[in-house]
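# Survey of secondary and tertiary structure
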Amino acid sequence: MKRFLFVCSQNRLRSPTAEQVFSHRTDIEVASAGTNNDAENPLTDELIQWADVIVVMEKSHREKVQRKFGRSIGGRRMICLDIPDDYIFMDPQLVRLLEARMARHLQKPLHQ
């Protein structure tokens, strides 16, 4: 079972939404974290090592993850969804965007 770690800045809006949207799937495990030190759930080496795939919301998150956790990343795949910080938690538009941008990275249909 693949483990997906969703990452944004504060872990308050985008990445927790992604975690909730995909948490109902039975074929993957999900978690979320933030790159900022004051994030709700700050990103750690342990979370990076737990993940098979790291999914960042913006290119700046990818750069922060690579800079701060480069050694922990190893050969893990990192995906950037290019989703700006323009949405509230569980915003229907954000949910649709997450589902659309993640579809090709997931093996089974989103709605089971």
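The text that follows walks through the structure, step by step, so that each part is easy to find. What you see is a predicted model; the values in this text were computed from it and never measured.

## So, the packing of helix α1 (residues 14–22) against helix α4 (residues 92–102)
The description of two packed helices rests on the angle between their axes and on the distance between the axes. Here α1 crosses α4 at 70 degrees, and the two axes come no closer than 10 Å. By the criterion of interaxial angle, the relationship of α1 to α4 is roughly perpendicular. In the crossing of α1 with α4, the sense of the turn from one axis to the other is right-handed. Only Leu94, Val95, Leu98, Glu99 and Met102 of α4 make contact with α1, whose side of the interface consists of Arg14, Thr17, Ala18, Val21 and Phe22. The residue inventory of the contact of α1 with α4, partitioned by class, reads 7 nonpolar, 1 polar and 2 charged.

## Some remarks on the nonpolar core
Nonpolar side chains in soluble globular proteins generally cluster together in the buried interior. Counting residues in hydrophobic clusters, the biggest one holds 21 residues, and the most contacted among them are Phe4, Phe6 and Phe22. When residues of this core are assigned to their parent elements, the largest contribution, 5 residues, is made by α4.

## Thoughts on the pattern of salt bridges
In this structure the tally under the stated criterion is 6 salt bridges. With a closest N to O distance of 3.8 Å, Arg3 and Glu29 form a salt bridge. Here Glu29 lies in strand β2 (residues 28–34) and Arg3 lies in strand β1 (residues 2–8), a separation of 26 residues in the sequence. Overall, Glu29 belongs to the partly exposed group, its relative accessible area being 31%. Linking Lys59 and Asp82 is a salt bridge whose minimum nitrogen-to-oxygen distance equals 3.2 Å. On the criterion of sequence distance, the pair formed by Lys59 in helix α3 (residues 59–73) and Asp82 in the loop between β4 (77–80) and α4 is long-range, its members being 23 residues apart. Members of the salt-bridge network, linked through shared partners, are Arg14, Glu58 and Asp85.

The rules behind these values
- Residues numbered from 1 in each chain as written.
- Predicted model: local features only at pLDDT ≥ 70, side-chain atom pairs only at ≥ 80, totals over all residues.
- Heavy atoms only, no water.
- Axes fitted to C-alpha atoms, helices over the stretch in contact; angles between N-to-C directions.
- Helix = DSSP H or I, 4+ residues; strand = E, 2+ residues; numbered from the N terminus.
- Parallel < 35°, antiparallel > 145°, perpendicular 65-115°, else oblique.
- Left-handed = near helix turned anticlockwise from the far one by under 90°.
- Contact = heavy atoms within 4.5 Å.
- Nonpolar A, V, L, I, M, F, W, Y, C, P; charged D, E, K, R; others polar.
- Core = buried A, V, L, I, M, F, W, Y, C linked by side-chain atoms within 4.5 Å.
- Buried < 20%, exposed > 50% of the residue type's maximum accessible area, 1.4 Å probe, protein only.
- Salt bridge = Lys/Arg side-chain N within 4 Å of Asp/Glu carboxyl O.

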